[in-house]
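Per-entry structural report
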Amino acid sequence: MNTHPTIAALESAQLKSTLPDFRVGDTVRVHYKIVEGDKDRIQVFQGVVLKRHRAGARSTFTVRKISFNIGVERVFLNHSPRIDKVEVVSRGVVRRARLFYLRNLAGKAARVRDQKDA
Amino acid sequence: MNSNPGIIGIKLGNMQFFTDDGNVTRVTVVEAGPVTVIGKRTKEKDGYSALILGMGERKEKHTNKAQIVAAQMVNQTPKRIVKELRVTEEYAAKFEVGQVLKVDEIFTVGQKVDAQGRTRGRGFTGVMRRWSFAGGVSSHGTHEYFRHGGSIGTNMTPGRTLPNIKMAGHYGDETVSMQNLKIARIDSEKHLLLIEGGIPGAKGSLVLVRHAVKQRVRKAGR
């Protein structure tokens, strides 16, 4: 069903264009604002982009990292004002749009090939 | 009788937006207008007081002569949607015929409102969907009894099925009110109301938004 033009206009007003162009398989550093009481600080989450959900103002991307041998995934809203910035650390070479197979792999097998090495 | 101030509108759909603190709010967008007061009901003449609200232009080919004349008598064009809004006499006195209702004058951001719509018709529906029954077990020799409601009463006493037993039947297409929804945002230029949460009805259906009748009072010490 088509979105009503009025809603489309309201949604497009929330889009922000400051995010760099990154793709599934890239390693990114997400600088995320965390509010603690009345203060906020910036936390960095670095990992591989598993998935990009492209849905206008509701778009999200999922980042996976291994923290103390535990896999941690976080879903970020693309246009959230809490995202300070996103840095692309490296570009990956992948053949899939969704890298969920990485969840079943560990160690060396769970790496994504870097574009520079390809 | 509910005589709280309110407005009629068209449900456009749902969306989400980021609040200033970065949280996401999910809202229903209601296009409330431009709504014009096209008449009044008064206690003296009609026995009750109400505002007659009109919204949208009615095409000439869909308008009959009575509607054209009725509109001409108040110097208005025939409206597509015409609804009465029961209000108190004091509130009705604030408005004149021909006046366009302003959304931001009726509501304020953060205010609690009730929204009324007509739910989407689901046709003849089984008990699992209509009344959230659990259905039957699908193993242990069951056959042809997976989505049934089970027993509908006892045998000799009282010897009949009691009234108001939940059974399959027509579901939806009924007027439903959602109470104490919060107004998240108001755009008075575009006549938009963004109301937190869902509102009954399909996209493009008519909704009635009024000030909340049951304000939730928080008890002290909690």
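Higher on the page you've got the structure.
Bear in mind the structure is a predicted one, so any value in this text is a computation, not a measurement. (Residues numbered from 1 in each chain as written. Chains lettered and ligands numbered in written order. Predicted model: local features only at pLDDT ≥ 70, side-chain atom pairs only at ≥ 80, totals over all residues. Heavy atoms only, no water.)

All right, on to the interface of chain B and chain A then. On the chain A side, the residues contacting the 17 residues of chain B number 14 residues. For the interface between chain B and chain A, the tally reads zero salt bridges. At the boundary of chain B and chain A, one finds four residue pairs in polar contact (both at pLDDT 80 or more). Those elements that place two or more of their residues in the side of chain B that touches chain A are strand 1 (6–18), strand 2 (24–31) and strand 10 (192–196) of chain B. Considering every element that reaches the side of chain B that touches chain A, the biggest residue donor is strand 1 of chain B, with seven residues. Of the residues belonging to the side of chain B that touches chain A, the class tally is eight nonpolar, six polar and three charged. (Contact = heavy atoms within 4.5 Å. Salt bridge = Lys/Arg side-chain N within 4 Å of Asp/Glu carboxyl O. Polar contact = N/O pair within 3.5 Å; in protein donor to acceptor, adjacent residues only side chain to side chain. Helix = DSSP H or I, 4+ residues; strand = E, 2+ residues; numbered from the N terminus. Nonpolar A, V, L, I, M, F, W, Y, C, P; charged D, E, K, R; others polar.)

Our next topic: a positive patch on the surface. Taken together, the side chains of Arg120, Arg122, Arg129, Arg147 and Lys203 of chain B make up a positively charged region of the molecular surface. Along the chain, the position of Arg122 of chain B falls in the loop between strand 6 (112–118) and strand 7 (123–125). (Patch = residues over 30% accessible without salt bridge, like charges linked within 9 Å, V, L, I, M, F, W, Y side chains within 5 Å. Areas by Shrake-Rupley, 256 points an atom, 1.4 Å probe, with all protein chains shown as cover. Lys, Arg positive; Asp, Glu negative; His and termini not counted. Charge placed at Lys NZ, Arg CZ, Asp CG, Glu CD.)

It is worth spelling out the pairing of strand 4 (residues 50–57) of chain B at this point. All names here are of chain B. In terms of burial, strand 4 is largely enclosed, as six of its eight residues are buried. One ladder, built from six bridges, connects strand 3 (residues 35–41) with strand 4; its direction is antiparallel. In the sheet register, Val37 faces strand 4, and the bridge partner there is Leu53. Alignment of strand 4 against strand 5 (residues 79–86), held across seven bridges, turns out to be antiparallel. Across the sheet, the residue bridging to Met55 is Ile81, located in strand 5. (Buried < 20%, exposed > 50% of the residue type's maximum accessible area, 1.4 Å probe, protein only. Pairing = 2+ DSSP bridges.)

Another aspect to go through is the sheet that holds strand 5 (residues 83–90) of chain A. Residues and elements named next belong to chain A. Taken in spatial order, the five strands make up an open sheet running 4-3-2-1-5, and their pairing is antiparallel. The open sheet has two edge strands with one neighbour each: strand 4 (70–77) and strand 5. Here the average twist between neighbouring strands, direction ignored, is 40°. The pairing of strand 2 (residues 39–53) with strand 3 (residues 60–67) spans five bridges and is classified as antiparallel. (Axes fitted to C-alpha atoms, helices over the stretch in contact; angles between N-to-C directions.)

Once that is clear, we can look at the nonpolar core. A general tendency of soluble globular proteins is for nonpolar side chains to be buried together. Of all hydrophobic cores here, the largest spans 40 residues; its most connected members are Phe107 and Leu193 of chain B. Top contributing element to this core by residue count: strand 1 of chain B, with six residues. Apart from the residues within four sequence positions on either side, Phe107 of chain B is in contact with Gly6, Ile7, Val113, Ile183, Ile186, Leu193, Val209, Arg210 and His211 of chain B. Leu19, Val28, Phe45 and Ile83 of chain A belong to the second largest nonpolar core, which has 13 residues in total. (Core = buried A, V, L, I, M, F, W, Y, C linked by side-chain atoms within 4.5 Å.)

This brings us to the pattern of salt bridges. Residue and element names in this part refer to chain B. Applying the stated rule across the entire model yields ten salt bridges over all chains. Of the charged contacts, one joins Arg41 and Glu84 as a salt bridge, the two residues approaching to 2.8 Å between their closest N and O atoms. Here Glu84 lies in strand 5 and Arg41 lies in strand 3, a separation of 43 residues in the sequence. When its relative accessible area of 28% is taken as the criterion, Arg41 is described as partly exposed.

Turning to the environment of Ser151 of chain B, a few remarks are in order. Residue and element names in this part refer to chain B. Considering the arrangement of structural elements, one finds Ser151 in the loop between helix 5 (127–131) and strand 8 (169–171). By relative accessible area, Ser151 is classed as exposed at 64%. Separated by 32 residues in sequence, Ser151 and Ile183 place their C-alpha atoms 45 Å apart. In this structure the side chain of Ser151 is engaged in a polar contact, spanning 3.1 Å, whose partner is the backbone oxygen of Gly153.

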